[in-house]
Amino acid sequence: MALEVRIVTPRKVVWEGTANAVQAPGELGEFGVLPKHIPYLTTLRPGPVTVDTAQGKLVFHVGVGFAEAGPDRVTILAETCEEK
Amino acid sequence: MASLRDIRTRIASVKSTKQITSAMKMVAAAKLRRATESATNARPYQTALTSTIQRVAAGAGDVSHPLLTTRPAITRVVVVVIGSDRGLCAGFNSNRDRRVEEFLNKLKASGKQVTLLTFGKKARDFLKNRGWASENVNSLTAATYADAVRALSDKLTAGFEGGEFDEAWLYYNRFKSTLTQVPTAVRVLPLSIEASDEASVEYTYEPSGIEILGTLLPLYLRTMLLQAFLENEAGEHASRMTAMDNATRNASDLIGRLTLEYNRSRQAAITRELIEIISGAEAL
């Protein structure tokens, strides 16, 4: 069981792939998503998003945006995003 | 009849025009490719954002947000026109500008106060000639789209919420295909959002659905504007490419006709000279 992760900005799809876990800076605080998460929608504060893949951890810096999480997927939409 | 030298000069000038138009066509084609690429790249974001907003709107039930509320009396209207800085792109600017003018006249006739915002020199100049002064003038550079869109959407949102105007319209050319660009009018404020009908999953919102909507709506507006800018850009290059392609073909036809004429008169001149020589020799 893994998460389908997509990080999208108006310029391009920054990253797309499967991951074991995702951490992101939500409006009300940092949150983590593991598989089988309840459907969840939150706005994001600018900060680091950590994607835990089988190959290791990836860190992205996102700007204003929001994240949508479900049992098997996470979509992060942000105005800006840089891979660290 | 034109002299040989006249025709020669004419051919040379048409040839150099042809070189220019075909170079412009190449440039437009290259720019078009880049523009469509960035428009395509922006699409996943738009799709995802739109579907999320629709789902949130459906989930939140009775949605009321200042940006979504239609005012009972509309007295002041903002019209945003996105055009191009350069000409030589067939009817790309004039088709849209004519529709804008029509719309402006209608607004004026019904006694509404109009503020005009133009992007691109061509739109500004046309409307200025018709006596419509734009509030501010903005050039277009692909590199600064993000900033331009942010500034524009902030301005619109603030003005709308502050009661400076009751409606905002956007005029631009929708990029349908390389051959067709459709002048399009969209009402950008108040925003209209269709709640999706699909049986939506119950989401947990953090913060509340309405607050999230408050964050998403300005993003949605920005995305809409950005898309308009990108499509406009792609449309401009596509239109110019088509126009320059036609011009190049016309130049080739003209060169062909002129060359034919040139050869004919050259032959006629030679024949005439021969006749003169022969008859001169016979006279001796």
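Values in this document were obtained by computation on a predicted structure and should not be read as measured data.

Caption draft 1: Expanded view of the overall build of chain B. The secondary structure content of chain B amounts to five helices and six strands. A globule of 284 residues ought to have a C-alpha radius of gyration of about 19 Å, yet chain B, at 28 Å, is considerably larger. For chain B, the spread of C-alpha atoms along the principal axes amounts to about 115 × 45 × 30 Å. With 284 residues in all, chain B has 40% of them scored as buried. Counting only contacts in chain B whose residues sit at least 6 apart along the sequence, the fraction spanning at least 24 positions is 79%. Treating the 37 positive side-chain charges of chain B as one cloud and the 30 negative ones as another, the clouds have centres 9 Å apart.

Caption draft 2: Examining the packing of helix H4 (residues 145-161) of chain B against helix H5 (residues 209-283) of chain B more closely. All names here are of chain B. Contact geometry of H4 with H5 gives a least axis separation of 9 Å together with a crossing angle of 135 degrees. One finds that H4 runs oblique with respect to H5. The way H4 lies across H5 gives a crossing that is right-handed. Between H4 and H5, the residues in contact are Tyr-145, Val-149, Arg-150, Leu-152, Ser-153, Asp-154, Leu-156 and Thr-157 and Leu-221, Arg-222, Leu-225, Leu-226, Phe-229, Leu-230 and Glu-233, respectively. Grouping the amino acids of the contact of H4 with H5 by side-chain chemistry returns nine nonpolar, two polar and four charged.

What counts as what
Residues numbered from 1 in each chain as written. Chains lettered and ligands numbered in written order. Predicted model: local features only at pLDDT ≥ 70, side-chain atom pairs only at ≥ 80, totals over all residues. Heavy atoms only, no water. Helix = DSSP H or I, 4+ residues; strand = E, 2+ residues; numbered from the N terminus. Rg over C-alpha atoms; globule rule 2.2 N^0.38 Å. Buried < 20%, exposed > 50% of the residue type's maximum accessible area, 1.4 Å probe, protein only. Contact = heavy atoms within 4.5 Å. Lys, Arg positive; Asp, Glu negative; His and termini not counted. Charge placed at Lys NZ, Arg CZ, Asp CG, Glu CD. Axes fitted to C-alpha atoms, helices over the stretch in contact; angles between N-to-C directions. Parallel < 35°, antiparallel > 145°, perpendicular 65-115°, else oblique. Left-handed = near helix turned anticlockwise from the far one by under 90°. Nonpolar A, V, L, I, M, F, W, Y, C, P; charged D, E, K, R; others polar.

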